[in-house]
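# A closer look at the structure
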Amino acid sequence: MAGGKFKKEKGSSSSSRAQPYQGGIQFHKSKGQHILKNPLLIDSIVQKSGIKPTDIILEIGPGTGNLTKKLLEAGKSVIAVELDSRMVLELQRRFQGTPFSNRLKIIQGDVLKVELPYFDICVANIPYQISAPLTDKLLKHRPVFRCAVIMFQREFAMRLVAQPGDALYCRLSVNTQLFARVFHLLKVGKNNFRPPPKVESSVVRIEPRKPLPQMNFKEWDGLIRICFNRKNKTIGSIFKQKSVLSVLEKNYKTLQALRLSENGSLEDTEMPVDVPILAETGEDLSMEVDDGEDEDDEEMEVGDVDQKRSDFKDKVIGVLKQGGYEEKRSSKLAQADFMHLLSLFNKAGIHFS
C-alpha cells in the first residue's frame, strides 16, 4: 500500500538539542521525545488509521496530546500510556473540563512493562528505541486487535515491510509478516517534529492475521535464526557449518531419546510467550558438548564419531536437496519456502528447538 510523503516545514530549525513546548515543557531527545507538530500530518495519520466511532484506541507516548485530541474526536475513547509524569500532567491539564475528559484514560508507566487492556486499534508516535520490543508485545497481545498505525524510524519501518530480494529483508521481516500484514503508509520528514530527530521516519500499518498461524514458533524461529545468520550465503553452505550441525545433531539425539524413553510428543502449536518474535540479534550457535569419555577412549572412538557426524551431515544436506534449497539463499526465499523447508526437516526428524 503506497503512501505520500510529508516534507520538512520551512522555517524550522534543528540546531537546538531540545525545544520547550508552549507551556514550558522541555523535550528530551535521549528519551525519544519528538512531538508531532504538523496538524496536516496528524490529520493524515488519523484518516489512514480507519478509526470507527465505536473504537477503543490505544496511544503510546501521547506527549502533550496533539495526536490524542484528534483520536478522541474520531473514536469512542483513548487509552494513553505515558512514562513521563510531566506529560501526564500536561495531558490532564489540557483535557480537564472538556467533553473529552471522561473518554480519556491515562496509564502512567513503561508500556513494555504494564499490562495493556483491551483495545481495537493502536495509533502511536513512539520512542524509536523501543520499536522492536513494542512491536513484539503488540503481536503477542490477546485478544487480537484490528490494526496498529505506528510511527517508526525509516530503516526499521522498511525492514518490517521488506520482501524477498530487498536489501533490508531480514529475520525481522519474515517473523513480523508471519503474524501480520504490514503496509508502508507515509514517509515523514524530520521537521514535522519538535525537536526534530536525527533520522527520517515512516508510518506503518500492522494488521494481525486472523486466524493466527498454528505452528510451533520455537521451531520456526530456530530455522529462521540460522538461515538469516548469513542471509546471502547459500542455504547449503549455512547448514554445512560445524556449529549449526552440532546444534541440530544434539537436538536430534535428544528428541530421539525422548521418543524411546518417554514417548514424548514433539507437537506444540502454542506460541511460547518467552520467545521474542522480533529480536534481531544473532545467537552463538556453537556449544560445548562434553561426551563424558576418558581421553584414552577418545582415540579409539574418533572414527565412529566422525562417521556418525558425517552421516548426520548427509541427512541434513539430503533434506535440502530434496526441496531444492541447497543452492538457494535466505535473502530470496519467501515465507512459504521457509514453511516448506521446516516441514521437510521435521519429517526427517530434525528439529530446531
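Residues numbered from 1 in each chain as written. Predicted model: local features only at pLDDT ≥ 70, side-chain atom pairs only at ≥ 80, totals over all residues. Heavy atoms only, no water.

As recorded by an unreviewed UniProt entry, the protein carries the name rRNA adenine N(6)-methyltransferase and is attributed to Daucus carota subsp. sativus. Quoted verbatim from the Sequence similarities (unreviewed entry) heading of the UniProt record, the comment on the protein is "Belongs to the class I-like SAM-binding methyltransferase superfamily. rRNA adenine N(6)-methyltransferase family." (UniProt positions renumbered as here; feature names shortened; annotations may be inferred.)

### Some words on the overall build of the protein
Counting secondary structure elements, the protein contains 11 helices and 10 strands. Contacts in the protein between residues at least 24 apart in sequence constitute 74% of all its contacts with a sequence separation of at least 6. Carbon and sulfur atoms make up 49% of the accessible area of the protein, which totals about 18,100 Å². (Helix = DSSP H or I, 4+ residues; strand = E, 2+ residues; numbered from the N terminus. Contact = heavy atoms within 4.5 Å. Areas by Shrake-Rupley, 256 points an atom, 1.4 Å probe, with all protein chains shown as cover.)

### Side note on helix 5 (residues 154-161)
Among all positions of helix 5, only Arg154, Phe156, Ala157, Leu160 and Val161 are buried. Burial along helix 5 is one-sided: seen end-on, the buried residues are contained in an arc of 165 degrees. At its buried positions, helix 5 is contacted by helix 4 (131-140), strand 7 (147-153), helix 6 (171-179), strand 8 (180-188) and strand 10 (201-208). (Buried < 20%, exposed > 50% of the residue type's maximum accessible area, 1.4 Å probe, protein only. Arc of directions from axis to C-beta.)

### Points about the pairing of strand 5 (residues 104-108)
Bridge count for strand 4 (residues 77-82) against strand 5 is 5 bridges, and the pairing is parallel. Its bridge partner being in strand 5, Ile79 is matched across the sheet by Lys105. Handedness of the β-α-β unit built from strand 4, helix 3 (residues 85-95) and strand 5 comes out right-handed. (Pairing = 2+ DSSP bridges. Right-handed = clockwise from strand over helix to strand, strands pointing away.)

### Concerning the packing of helix 2 (residues 66-74) against helix 3
Helix-helix packing: each pair is described by the crossing angle between the helix axes and the interaxial distance. Packing of helix 2 against helix 3 leaves a shortest axis separation of 11 Å and a crossing angle of 45 degrees. Relative to helix 3, helix 2 is oriented oblique. Viewed along their axes, helix 2 and helix 3 form a crossing whose handedness is right-handed. Each of Asn66, Thr68, Lys69 and Leu72 in helix 2 lies in contact with helix 3, whose residues at this interface are Leu91, Arg94 and Phe95. Among the residues making up the contact of helix 2 with helix 3, the classes are represented as 3 nonpolar, 2 polar and 2 charged. (Axes fitted to C-alpha atoms, helices over the stretch in contact; angles between N-to-C directions. Parallel < 35°, antiparallel > 145°, perpendicular 65-115°, else oblique. Left-handed = near helix turned anticlockwise from the far one by under 90°. Nonpolar A, V, L, I, M, F, W, Y, C, P; charged D, E, K, R; others polar.)

### A look at the packing of helix 1 (residues 39-49) against helix 2
Viewed as axis vectors pointing N to C, helix 1 and helix 2 meet at an angle of 40 degrees, and their least axial separation amounts to 10 Å. One element, helix 1, and the other, helix 2, form an angle in the oblique class. The chirality of how helix 1 crosses helix 2 is right-handed. Of the residues in helix 2, those touching helix 1 at Ile42, Asp43 and Val46 are Asn66, Leu67, Lys70, Leu71 and Ala74. For the contact of helix 1 with helix 2, a count of residues per class yields 5 nonpolar, 1 polar and 2 charged.

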